[in-house]
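# Descriptive structure summary
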Amino acid sequence: GLMFDFAVFLLKCGLEIYNNDIKTGKKIIKEGCYYLKKMAMKGNVEAQYLLGDVYSNDTLKCQNLKQSRILFETAAKKSDPQSAYRTALCYEEGIGVSRDSRKSLTFLKFAASRNHTLSMYKLGMFYFKGQMGVSKSIVTQQNGINWLSRAVAKADADSAEAAYELAKIYEKGFLDIIIPDINYAILLYVHASSLGHTKSNTKLGQIYEKTDNKLIKQNKMLSIHYYTIASNSINPDSNAQLKLSF
């Protein structure tokens, strides 16, 4: 609605001004938050998420981690996958609440089942590595591989890490379930590379530089190409933490 758009406009203006004039920037951000609070109180999920995002941000000096987690969880219970993912992170890392692996997994499963790629990736890794209280068995590890594969199939910016981890599994193989397949692993690394994944570019540089796999030919040009992309990966600038999820 109009009020939400206006609140977002105020936050964006406030963030831009904040870098040069902290006092004025904060004042404008505070006004944006005022409208978000009004909408959040009335049950607007978008406002609840965005206000939770603002409260989670230390740079703006209006951090309130407990309130942030409550807002994320409230929005998550209205079936918002991104809010469920952020709630899962809060319970995983103890942000604004006590750590709780079981609750974290519950919210991750909820978001993953609604096609939230980062949740699919995290859930896949927890299952494959037997973390967050998940019992490590062949069945759960297979489940982990399935979630990673589903994340890769989404092919969005958030699936790069999943493609990289899945590539490592296919490169080595896994028990008798996944036969080592360097060609498919390379496809996955290239997929991650196309999404800007630095570690995949480095890995591809290494593979083509000094491959010991008979199926892959050395290719110095490709090796240099991927190493160059990796070295040119932009480091997050000092203002990165000011960015919010608009």
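Refer to the structure above for everything that follows.
Residues numbered from 1 in each chain as written. Predicted model: local features only at pLDDT ≥ 70, side-chain atom pairs only at ≥ 80, totals over all residues. Heavy atoms only, no water.

## Notes on the pattern of salt bridges
Convention followed: Any Lys or Arg side-chain nitrogen located within 4 Å of an Asp or Glu carboxyl oxygen qualifies as a salt bridge. Only runs of H or I of at least four residues qualify as helices and only runs of E of at least two qualify as strands under DSSP, and these elements are numbered from the N terminus. Relative accessible area decides the class of each residue, using a 1.4 Å probe on protein chains only: under 20% of the type maximum gives buried, over 50% gives exposed, and in between gives partly exposed.
Per the stated rule, a full pass over the model turns up eight salt bridges. Arg86 is paired through a salt bridge with Asp53; the nearest N and O atoms lie 3.0 Å apart. Taken together, the positions of Arg86 in helix α5 (residues 81–93) and Asp53 in helix α3 (residues 45–55) put the pair 33 residues apart, joining distant regions of the chain. Taking the relative accessible area as the measure of exposure, Arg86 reaches 15% and is therefore buried. In this structure Asp53 comes out as buried when scored by relative accessible area, which is 5%. Measuring nitrogen to oxygen at the nearest pair gives 3.3 Å for the salt bridge that ties Lys199 to Glu161. Linking Lys199 in helix α11 (residues 198–209) with Glu161 in helix α9 (residues 160–172), this pair joins segments that are 38 residues apart in sequence.

## A word on a nonpolar patch on the surface
Rule in force here: Here a patch means residues that are over 30% exposed by relative accessible area and free of salt bridges, tied together within 9 Å if like-charged and within 5 Å if nonpolar (Val, Leu, Ile, Met, Phe, Trp, Tyr). Accessible areas in this description were obtained via Shrake-Rupley with a 1.4 Å probe; residue shielding takes into account the shown protein chains only.
Together, Ile138, Leu175 and Ile177 line one region of the surface with nonpolar side chains, adding up to about 270 Å² of accessible area. Take Ile138: it is sitting in helix α8 (residues 138–154). Accessibility expressed as a relative area gives 46% for Ile138, which makes it partly exposed.

## Regarding the nonpolar core
To be explicit about the condition: Take the buried residues of types Ala, Val, Leu, Ile, Met, Phe, Trp, Tyr and Cys, join any two whose side-chain atoms come within 4.5 Å, and each joined set is a nonpolar core. Note on contacts: a residue pair qualifies if any of its non-hydrogen atoms lie within 4.5 Å across the two residues.
Leu123, Ile145, Leu148, Leu166, Ile169, Ile186 and Tyr189 are the most contacted members of the largest nonpolar core, which totals 46 residues. The set of elements that each furnish at least two residues to this core consists of α5, α6 (101–112), α7 (117–129), α8, α9, α10 (182–194) and α11. No other element matches α9, which puts eight residues into this core. With residues up to four places along the chain from it excluded, the contact list for Leu123 reads Leu105, Leu108, Lys109, Ala112 and Trp147. Counting 17 residues, the second largest nonpolar core, distinct from the first, contains Phe4, Leu36, Met39 and Leu71.

## Here's the deal with the environment of Leu175
Structurally, Leu175 can be placed in the loop between α9 and α10. The spatial distance from the C-alpha of Leu175 to the C-alpha of Met3 is 55 Å, given a sequence separation of 172 residues.

## Observations regarding the packing of aromatic side chains
As a reminder of what qualifies: Within 6.5 Å between ring centres, the rings of Phe, Tyr and Trp (the latter by its six-membered ring) count as paired, and their orientation is classed by plane angle as stacked under 30 degrees, edge-to-face over 60, tilted in between.
Taken as a whole, this structure holds nine aromatic pairs when the rule is applied. Here Tyr49 and Phe72 contribute two aromatic rings whose centre-to-centre distance is 5.3 Å and whose plane-to-plane angle is 45°, an arrangement assigned as tilted. Separated by 23 residues along the polypeptide, Tyr49 in helix α3 and Phe72 in helix α4 (residues 65–76) bring together distant segments of the chain. For the pair shown, Tyr49 and Phe72 are each scored as buried. In textbook terms, an aromatic cluster arises when at least three aromatic residues are bridged by ring pairs, as seen for Phe6, Phe9, Tyr34 and Tyr35.

## Quick look at the packing of α4 against α5
Our working rule: Interaxial angle, 0 to 180 degrees, is taken between N-to-C directions of lines fitted to C-alpha atoms, where a helix line uses only the stretch in contact. Angles below 35 degrees are treated as roughly parallel, those above 145 as roughly antiparallel, those between 65 and 115 as roughly perpendicular, and all remaining angles as oblique. Here a crossing is taken to be left-handed if its near helix is turned anticlockwise relative to the far helix by less than a right angle, and right-handed if that turn runs clockwise.
Two elements in contact, α4 and α5, have axes separated by 8 Å at closest approach and are oriented at 135°. Considering their axes alone, α4 and α5 lie oblique with respect to each other. Two packed elements cross with a definite hand, and for α4 against α5 that hand is left-handed. For the pair α4 and α5, the contacting residues are Arg69, Phe72, Glu73, Ala75 and Ala76 in the first and Ser83, Ala84, Arg86, Thr87, Cys90 and Tyr91 in the second.

## Notes on the environment of Tyr91
Among the secondary structure elements, Tyr91 is positioned in helix α5. Taking C-alpha positions, Tyr91 is 16 Å from Tyr49, a pair spaced 42 residues apart along the chain. Excluding residues within four positions of it along the chain, Tyr91 makes contact with Arg69, Glu73, Val97, Ser98, Arg99, Asp100, Lys103, Ser104 and Phe107.

## Comments concerning α5
Convention followed: One less than the number of residues in a helix, times 1.5 Å, gives the span that helix is expected to have.
Relative to the 18 Å expected for 13 residues at 1.5 Å per residue, α5 spans 18 Å between its end C-alpha atoms, a close match to the ideal helical length. Among the 13 residues in α5, ten count as buried, and that is most of the element. Taken together, the buried positions of α5 are occupied by Ser83, Ala84, Tyr85, Arg86, Thr87, Ala88, Leu89, Cys90, Tyr91 and Glu92. Contacts from the buried residues of α5 go to α3, α4, α6 and α7. One or two steps after α5, the chain reaches Gly94, where phi turns positive at roughly 70°.

Function cannot be read off these values alone, since they describe shape.
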